[in-house]
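Per-entry structural report
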Amino acid sequence: MSTDGASALRPAGDAEDPGGQSSPGGRGLLARVAPMRRSLRTEAGSAGLLLAATIAALVWANSPVGDSYAAFWHTEFALRWGATELSLDLKHWVNDGLMVFFFFVVGLEIKRELVIGELTDRRRAAVPALAAVTGLAVPALVYVAFNLGDEAASGWGVVISTDTAFLLGVLALVGPSCPAPLRLFLLTLAIADDVGALVVIAVFYTDDLQLLALGLAVLGLALMLGLRYLRVWRGPAYLVLASAVWVAMYESGVHPTLAGVVIALLTPAYAARREEVADAARLVRAYQQSPNPGFARAARLSIDRSVSAGERLQQLWQPWTSFVIVPVFALANAGVPLTGETLRAAASSPVTLGVVAGLVLGKLVGILAGTGLAVRLGLGALAPGLTGLQVAGGAALSGIGFTISLFIVDLAFTGDERLADQARVGVLTASVLAALLGWALFRVADLRRPAGAVRPSVLDPPVDPGRDHVRGPADAPLTLVEYGDFECPFCGRATGSVEELRERFGDRLRYVFRHLPLVDVHPHARLAAEAAEAAAAQGRFWEMHDRLFTMQDRLTPPDLLEHAAAIGLDVQRFARDLGAGRYARRVQEDVDSAEASGVEGTPTFFVGGHRHTGPHDADSLSAALLAGTGADPVADPSGDGVGARVLPALGGRREAPARPPAGPLPSDLPETPDRDGAFPRLGDAQVALLERYGTRRTWQPGQTLFREGDPGYEFQLVLSGSVAVVEHHGHPDQRVVSVHGARRFLGELDLFSDRPVFLTAVVLRPAEVVTVPDARIRQAFAADPALEELVLRAFLVRRSLLLALAADLRVVGRGTSGETARLRRFAEHHGLTAAVVDVETDDDARALLADLGVDDDDLPVVVWRSGRVLRRPTDAELTALVEDGRGPGAPVPPSPVPQEET
């Protein structure tokens, strides 16, 4: 397993330095061993400790005092309660007892990935998940082929699993220099692999099932769930019940370590809840203002509640399992006497040969076959920058099946120590061969790069303060450039390192962010990158940058609009820019520069214009920044914040006095012209796809597809005829928002909302319409991502149009002029909502002027909510306009088109 969270082992004597790093307390033993403890807080360090324990076990078992190895681990240790006794030797206390915590951490990681991690996205997880399935099946078949017809064939479970800690540790040592996409692929594969291995242990290695004891274990689990629903969070109660469940599982015949997995899967896992985080921050501020035990306890409990129990327990126990329990397990299980007789027997043993072939060749072939099959079937795709040889190298490293393989050896060969030793020799041999094979494949991948096409390592183009997004002084002596992806979890974690560096260096550092959205694995990343650029156009890039990384789980188009409102953007302009794809080219320029600079994954950092190839923690990046300068970082903590605002609601603006109902809509209203992609027509293939997922129906004039106030509606595609979307349908102030003809779809971002509908879709001429239910439209989008992007961008542009229509008045003028500012102030003073169209910056302004029948000499122009137009209005005219509710001035032409486009 991964070794993140090793800080949980920090002794109480440690203190935190200003840079956020652990510094030793005092001058004693802790101060001397602190550097070693920090070096172990890496995946390679964890794997190294496990390797050291394995070597120690082999040396002990083959030393002159080798007999003491078996004698020690077979020492009996018993627990007695009255006449009841539980007696196991030390080896089984490790394998059946301590390893419960290892499997508990495995279960917590599985639960997290299933609920809020990589396995929540079917397309993202499909390739490694299928590769994990074939990576389980093929090695097992290879092993059985060597032992067919022999009772040793039952040991096939030995070859199915991958040791995640060893895998990631060896990958860090021998893998490619920029392995983030490969690491993510292998980590997802390992999690799915662990699920399969645990199922195999539960189903195939359970003997003499005792139903009464199993029922007691289930009862204990039910009581734990009951405590959870009673909001009992104290550890001792759960510890007592967990111990009882472990004993009951042991007596039932089911391997007791599975109790750890089941308990982990019942442990809550969820993303940090923002309201609880805010509450915790409030209590911390209260404690800072008035330090006392009551506030201290409340703040501590509130902070704990804001993070799920699963993540807190994983951080607590993962370092103990990585640095203590698993090395002790290796010490207890890897001590095979390597006598000449044992080695000769293993060299010709079908068990040893089957284990080696299954782990080394079976894993490689199985994972590659599953990966190729998933890609060919269109279930998913490999991340950009990943080559086949790199995947092969990772697949070969997956043959390191050390921990769970040795664990299953103890289950599969209980009655035959000779076969167990041969299987252990096979596991040890396979782990070495798999590591060497993985290293060789990575080296071949490097050698196969075309001559003269060595991956660039220099930033291309260099930083340009006039174009790039720079945080810090433009002339700062130190430069750090990051290529990032707003949906990439590794980039999200790297933001902490960047913030720490900014605190350390202050004005001596300029930080530059460039986009590299990995669209194949992060479906929302490109639109999020464009959202950041749309925010930059309004001077708020860094506010949007920080918010997107803080809320990586909320990057859908409606979420992006909420983020825009929260940081104070003009949401109408933002939605229009995002929907029209105005900054797609700007994002693509960054993508092109990433390719020219040799970037293969995210995050990738450039220090002083050269690609950084080591870890990207704060210390490593700091050392790279200071290399050759002889300088020391200077802490300069600073912070800023942006107040949150709420996205304006859309819908009815004011209650109008009761008036006679409006007459029917004319049937010959013209179609609203498409502008900025708001009303596109679908192609034949897209229409055919939607027809497969929906139902076709004929509608008559006057019928409504959905009405204002409905709880929701479904995706509607007009095949023939004409449908109008109307605001305040049937009322005197009704107005046509848009008119749709053949091959156009209805709807807006509220299609995916649970809010009541605020528009009405009315059939003007007999129409054939395909209706696609919500669940089915999501399936259609999954089948055709291009269709999804087309629809979502159209919805964004439509939202910008609706925001303009929802305003009490729209001001068309020059944004920098005093007259436009005066009209803004008038609207604010009278409590009116105003939308400003700047003719100097808005690409659509000229078309709007033509629609309104005005020119530059008439500016500024005010369009009242009824559609009336005032040219260069005075405050008196505007006041009369407000009081009258309609106001004087020339009416807008009767066609709905100009109103829609404004």
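As a reminder, the structure under discussion sits directly above these lines.
This text gives an overview of the structure that appears in the document. The shown structure was predicted, so the numbers you read here are calculated from the model rather than taken from an experiment. (Residues numbered from 1 in each chain as written. Predicted model: local features only at pLDDT ≥ 70, side-chain atom pairs only at ≥ 80, totals over all residues. Heavy atoms only, no water.)

**Description of the nonpolar core**
Membership of the largest hydrophobic core comes to 98 residues, with the highest contact counts inside it found for Phe103, Phe185, Phe402 and Phe413. If you tally residues by element for this core, the top one is helix H7 (residues 180-204), at 11 residues. Not counting the four nearest positions on each side in its chain, phenylalanine 402 is found in contact with Leu50, Thr54, Asp163, Phe166, Ala330, Ala334, Val427, Leu428 and Ser431. Listed in part, the 80 residues of the second largest apolar core include Phe490, Val498, Trp542 and Val725. (Core = buried A, V, L, I, M, F, W, Y, C linked by side-chain atoms within 4.5 Å. Buried < 20%, exposed > 50% of the residue type's maximum accessible area, 1.4 Å probe, protein only. Helix = DSSP H or I, 4+ residues; strand = E, 2+ residues; numbered from the N terminus. Contact = heavy atoms within 4.5 Å.)

**What to know about the packing of helix H16 (residues 388-397) against helix H18 (residues 417-447)**
Put simply, H16 and H18 touch, their axes get as near as 7 Å, and they point 170 degrees apart. Put simply, H16 runs roughly antiparallel to H18. Of the residues in H18, those touching H16 at Leu389, Gln390, Ala392, Gly393, Gly394, Ala396 and Leu397 are Ala434, Ala435, Leu437, Gly438, Leu441, Phe442, Val444 and Ala445. Within the contact of H16 with H18, the residues separate by chemical class into 11 nonpolar, 4 polar and no charged. (Axes fitted to C-alpha atoms, helices over the stretch in contact; angles between N-to-C directions. Parallel < 35°, antiparallel > 145°, perpendicular 65-115°, else oblique. Nonpolar A, V, L, I, M, F, W, Y, C, P; charged D, E, K, R; others polar.)

**Topic: the side chain of arginine 793**
Its location among the elements puts arginine 793 in helix H28 (residues 785-806). When its relative accessible area of 12% is taken as the criterion, arginine 793 is described as buried. Residue contacts for arginine 793: discarding those within four places in its chain leaves Leu527, Glu530, Leu578, Gly579 and Gly581.

**Focus: the packing of aromatic side chains**
Using the criterion set out here, one finds 19 aromatic pairs in the structure. Considering the side-chain rings of phenylalanine 77 and tryptophan 93, the 5.9 Å spacing of their centres and the 80 degrees angle between planes classify their relative orientation as edge-to-face. With phenylalanine 77 in strand E3 (residues 76-81) and tryptophan 93 in helix H4 (residues 90-115), the pair connects residues that are 16 residues apart, well separated along the chain. Ring geometry for phenylalanine 513 versus phenylalanine 549: centroids 6.0 Å apart, planes at 80 degrees, classification edge-to-face. Here phenylalanine 513 is found in strand E7 (residues 509-515), whereas its partner phenylalanine 549 is found in helix H21 (residues 541-550), with 36 residues between them in sequence. Joined through ring pairs, the aromatic side chains of Phe486, Tyr511, Phe513, Phe541, Trp542 and Phe549 make up one cluster. Against the face of tryptophan 699 rests arginine 697, its NZ or CZ located 3.9 Å from the ring centre. (Phe/Tyr/Trp six-rings, centres within 6.5 Å; stacked < 30°, edge-to-face > 60°. Lys NZ or Arg CZ within 6 Å of the ring centre and 35° of its normal.)

**A word on the pairing of E3**
Counting buried residues in E3 gives 0 out of 6 residues, a small share hidden from the surface. As judged from the 6 bridges shared by E3 and strand E4 (residues 84-89), these two strands associate in the antiparallel manner. Of the residues in E4, the one forming a bridge with phenylalanine 77 is leucine 88. Linking two consecutive strands that pair antiparallel, namely E3 and E4, is a turn of 2 residues; a positive phi of about 65 degrees is found at glycine 82 within it. (Pairing = 2+ DSSP bridges.)

**Quick look at the pairing of strand E17 (residues 834-838)**
Burial analysis of E17 places 4 of its 5 residues in the buried class, the great majority of the element. Sheet topology note: the strand E16 (residues 809-813)/E17 ladder contains 5 bridges and is parallel. Residue glycine 813 lies in a different strand from E17, and its bridge partner there is aspartate 838.

**Comments concerning the pattern of salt bridges**
According to the stated counting rule, one finds 31 salt bridges in the structure shown. Notably, a salt bridge pairs aspartate 421 with arginine 424, separated by 3.0 Å at the nearest N-O pair. Note that aspartate 421 and arginine 424 are positioned in helix H18 at a spacing of 3 residues, about one turn of the helix. For the pair shown, aspartate 421 and arginine 424 are each scored as buried. Residue glutamate 819 pairs with arginine 822 through a salt bridge whose shortest N-O separation is 2.8 Å. Placement of both glutamate 819 and arginine 822 in helix H29 (residues 818-829) is noted, with a separation of 3 residues, approximately one turn of the helix. A relative accessible area of 37% means that glutamate 819 is categorised as partly exposed. The network of salt bridges with common partners includes Arg467, Asp468, Arg514, Glu533, Arg586, Glu589 and Asp590. (Salt bridge = Lys/Arg side-chain N within 4 Å of Asp/Glu carboxyl O.)

**Describing unusual backbone geometry**
The omega torsion of the bond from aspartate 460 to proline 461 falls at 0 degrees, within 30 degrees of zero and hence cis. For proline 461, the position within the fold is in the loop between H18 and strand E5 (469-471). Cis geometry is found at the peptide bond from threonine 602 to proline 603, where omega equals -10 degrees. One non-glycine residue, arginine 743, lies in positive phi territory at about 70 degrees. In this structure, arginine 872 is a non-glycine residue whose phi angle is positive, near 45 degrees. By the element assignment, arginine 872 lies in the loop between strand E19 (868-871) and helix H31 (875-884).

**Topic: the environment of serine 800**
For serine 800, the location among the structural elements is in helix H28. For serine 800, a relative accessible area of 1% corresponds to the buried category. Along the backbone, serine 800 and arginine 573 are 227 residues apart, and their C-alpha atoms lie at a distance of 6.5 Å. Residues contacting serine 800, with those up to four places away along its chain left out, are Gln572, Ala575 and Arg576.

**Digging into a nonpolar patch on the surface**
Judged by side-chain polarity, Val195, Val199, Val203 and Phe204 come together as a nonpolar surface patch covering roughly 350 Å² of accessible area. Inspection of the secondary structure assignment puts phenylalanine 204 in helix H7. (Patch = residues over 30% accessible without salt bridge, like charges linked within 9 Å, V, L, I, M, F, W, Y side chains within 5 Å. Areas by Shrake-Rupley, 256 points an atom, 1.4 Å probe, with all protein chains shown as cover.)

**Quick look at the environment of glycine 253**
Within the secondary structure, glycine 253 is located in the loop between helix H9 (235-252) and helix H10 (258-266). The spatial distance from the C-alpha of glycine 253 to the C-alpha of threonine 206 is 5.9 Å, given a sequence separation of 47 residues.

**Remarks on the packing of H4 against H10**
Contact geometry of H4 with H10 gives a least axis separation of 7 Å together with a crossing angle of 35 degrees. Seen from above, H4 lies across H10 with right-handed handedness. Along its contact with H4, which presents Val100, Phe103, Phe104, Gly107, Leu108, Ile110 and Lys111, the element H10 presents Gly260, Val261, Ile263, Ala264, Leu265 and Leu266. (Left-handed = near helix turned anticlockwise from the far one by under 90°.)

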